Amino acid sequence: MIVKILDPSTTFKGVRYNTNKVDKDKGELMKVSGFGALQALQSLRPEDYVNYLEAQSAASKRTKYPQLHAVISCKGRSHNKQQLTAIAEQWLKGMGYGEQPYLLVFHKDTANNHIHVVSTRVDRDGKKINDSFEKIRAYEILNRIVGVDEKQEVDKNIEKALSYGFSTRAQFMMILEAQGYSLKLSDGVYQISRYGKRQGAVSLEQVDAKIGTFSKDIGRLAQLRAVFAKYRGQYDPAVVHVTTPLPGSRSSAPSGYTSAMAQMLSDKFGVQIIFHGKDGKPPYGYTVIDHSRKMVYKGKDLMPLAEFIAPSQDTPEISAKAETKVDRAEQNEKEQKSPSEETAIYTDHVQGTSEQWIPNIQIDISDDIDDEAIHGRNRRRKRKARTNTR
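Here is what the cut-offs are and how they apply
- Residues numbered from 1 in each chain as written.
- Predicted model: local features only at pLDDT ≥ 70, side-chain atom pairs only at ≥ 80, totals over all residues.
- Heavy atoms only, no water.
- Axes fitted to C-alpha atoms, helices over the stretch in contact; angles between N-to-C directions.
- Helix = DSSP H or I, 4+ residues; strand = E, 2+ residues; numbered from the N terminus.
- Parallel < 35°, antiparallel > 145°, perpendicular 65-115°, else oblique.
- Left-handed = near helix turned anticlockwise from the far one by under 90°.
- Contact = heavy atoms within 4.5 Å.
- Nonpolar A, V, L, I, M, F, W, Y, C, P; charged D, E, K, R; others polar.
- Pairing = 2+ DSSP bridges.
- Phe/Tyr/Trp six-rings, centres within 6.5 Å; stacked < 30°, edge-to-face > 60°.
- Buried < 20%, exposed > 50% of the residue type's maximum accessible area, 1.4 Å probe, protein only.
- Core = buried A, V, L, I, M, F, W, Y, C linked by side-chain atoms within 4.5 Å.
- Polar contact = N/O pair within 3.5 Å; in protein donor to acceptor, adjacent residues only side chain to side chain.
- Salt bridge = Lys/Arg side-chain N within 4 Å of Asp/Glu carboxyl O.

### Some points on the packing of helix H5 (residues 150-162) against helix H6 (residues 169-177)
Alright, step 1. Where H5 meets H6, the closest approach of the two axes is 10 Å, and the angle between their N-to-C directions is 140°. The pairing of H5 with H6 is recorded here as oblique in orientation. You can see that H5 and H6 cross each other, and the crossing is right-handed. Contact with H5, carried on its side by Asn157, Ile158, Ala161 and Leu162, involves Phe172, Ile175 and Leu176 of H6 and no other residues of that element.
Alright, step 2. Looking at the contact of H5 with H6 residue by residue, the classes come out as 6 nonpolar, 1 polar and no charged.

### Digging into the pairing of strand E8 (residues 197-203)
Alright, step 1. As judged from the 6 bridges shared by strand E7 (residues 189-194) and E8, these two strands associate in the antiparallel manner. Bridge pairing in E8 places Tyr190 opposite Val202.
Alright, step 2. In this structure, the hairpin formed by E7 and E8 is closed by a connection of 2 residues, where Tyr195 is found at a positive phi of approximately 60°.

### Focus on the packing of aromatic side chains
Alright, step 1. By the definition in use, this model includes 11 aromatic pairs.
Alright, step 2. Where Phe35 meets Tyr52, the ring centres are 5.1 Å apart and the plane angle is 55°; that geometry is what we call tilted. Of this pair, Phe35 sits in the loop between strand E2 (27-33) and helix H2 (46-57) while Tyr52 sits in helix H2, and the two are 17 residues apart along the sequence.
Alright, step 3. The exposure class assigned to Tyr52 is partly exposed, which follows from its relative accessible area of 23%.
Alright, step 4. Aromatic pair Phe275 and Tyr286: ring centres 6.3 Å apart, planes at 40°, arrangement tilted. Taken together, the residues Phe275 in strand E13 (residues 271-276) and Tyr286 in strand E14 (residues 285-290) connect sequence positions 11 residues apart.

### Comments concerning the nonpolar core
A general tendency of soluble globular proteins is for nonpolar side chains to be buried together.
Alright, step 1. Among the nonpolar cores identified, the biggest contains 26 residues, and Ile72, Trp91 and Leu92 are the most heavily contacted of them.
Alright, step 2. Of all the secondary structure elements, the ones that give two or more residues to this core are strand E1 (2-5), strand E3 (67-73), helix H3 (81-95), strand E4 (102-107), strand E5 (114-120) and helix H4 (134-146).

### As for the side chain of Ser60
Alright, step 1. Mapping Ser60 onto the fold places it in the loop between H2 and E3.
Alright, step 2. Engagement of the side chain of Ser60 in a polar contact is seen with the side chain of Thr63, the distance being 2.7 Å.

### Things to note about the sheet that holds E3
Alright, step 1. Read across the open sheet, the 5 strands follow the order E1-E3-E5-E4-E2; overall the sheet is antiparallel. Unpaired on one side and paired on the other, E1 and E2 mark the two borders of the sheet. Each adjacent strand pair in this sheet contributes to an overall mean axis angle of 20°, direction not counted.
Alright, step 2. Sheet analysis places E3 next to E5, joined by 7 bridges and oriented antiparallel. Note on E5: the bridge partner recorded for Gln67 is Thr120.
Alright, step 3. H2 contacts E2, E4 and E5 of the sheet and is inclined by roughly 45° relative to E5.

### Brief notes about the pattern of salt bridges
Alright, step 1. Under the defined criterion, the tally for this structure stands at 16 salt bridges.
Alright, step 2. For Glu89, the salt bridge identified is with Lys31, shortest N-O distance 2.4 Å. Remark: Lys31 occurs in strand E2 and Glu89 occurs in helix H3; sequence separation between them is 58 residues.
Alright, step 3. What makes Glu89 partly exposed here is its relative accessible area of 23%.
Alright, step 4. With a closest N to O distance of 2.8 Å, Asp155 and Lys151 form a salt bridge. In this pair, Asp155 and Lys151 both sit in helix H5, 4 residues apart, roughly one turn of the helix.
Alright, step 5. Since its relative accessible area comes to 36%, Asp155 is described here as partly exposed.
Alright, step 6. A single network of salt bridges, built from pairs that share partners, joins Glu140, Glu150 and Lys197.

Without other data, these values stay purely geometric and don't point to any function.
Below, the structure written as structure tokens:
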């Protein structure tokens, strides 16, 4: 489960954002609390809530950004609107907002149920609610509410990551980063952080020992090539930028890459595609994380990047032999897949944020670049530079 505190605001635009969702039948007002006599009135307008929040916030001249706007999101439909409402109420109490005026609005317009919280950071005495280490506390409180043991969880995920087959250190890092962790190598040990604090560690020696046992599954790669050939006419492999919808029909800056083909491979076969690129430019490589078989491959092991992202045009006929491989892959996936092991991308697009269970990871990994043209161009540049310095 994810909690996200959205960007600070001098106004209470979160109220209008959420009431618009309700008006469009994309959201449902689940609870109004702490608004005093205002709650006894009928036919309240968004401006009424905003005026109340602004009046209370005005008691603190030093609080520049009085709005609290947060989102609590679950994976898929694992929690319904009543469950999310109860969690949000407990979370607000834990964060010090239990007696504050607040709105809880459930959103049902994405693949993942989530609830928005809007309140003021100023209490009735004109004092600002404590926001020290706010983002860290937000997760600590949420995890406590839903019964997540952070230490136990990271130990389990490290063990799972080491059970994968991978050929580079960067690939090992990607397995954990796909679960929302960040890694930093220090004195021969990967320090692993999540929720804004250190959670665990794994030695470089363990990682390198695992790399030494790597062996490609040639049969599985052949299956995936056949899958690609079969479905490229239905799912366009052309890469598009991942952006986040913002208020006013705007979009955020690109935060990654995806394609219809990549989404299908994840949803249907448990195969995650991570494109590598910088600054919104076209990707220069990709990595394949086969969660179904617990293997990680350089993109070139599957096929060259240029072929993998070429727009769908004429779809070649798939051979009977390749069709059999696809059928076998689909059947295996049906037999192996369980609800607890699903690896589909978990993405909520809410105001000003993109929340992901398996995020789009943007890493500059030189030894994972699979486009030989890039290598060749880099070598030519180096030769040219050496010539110019002579």
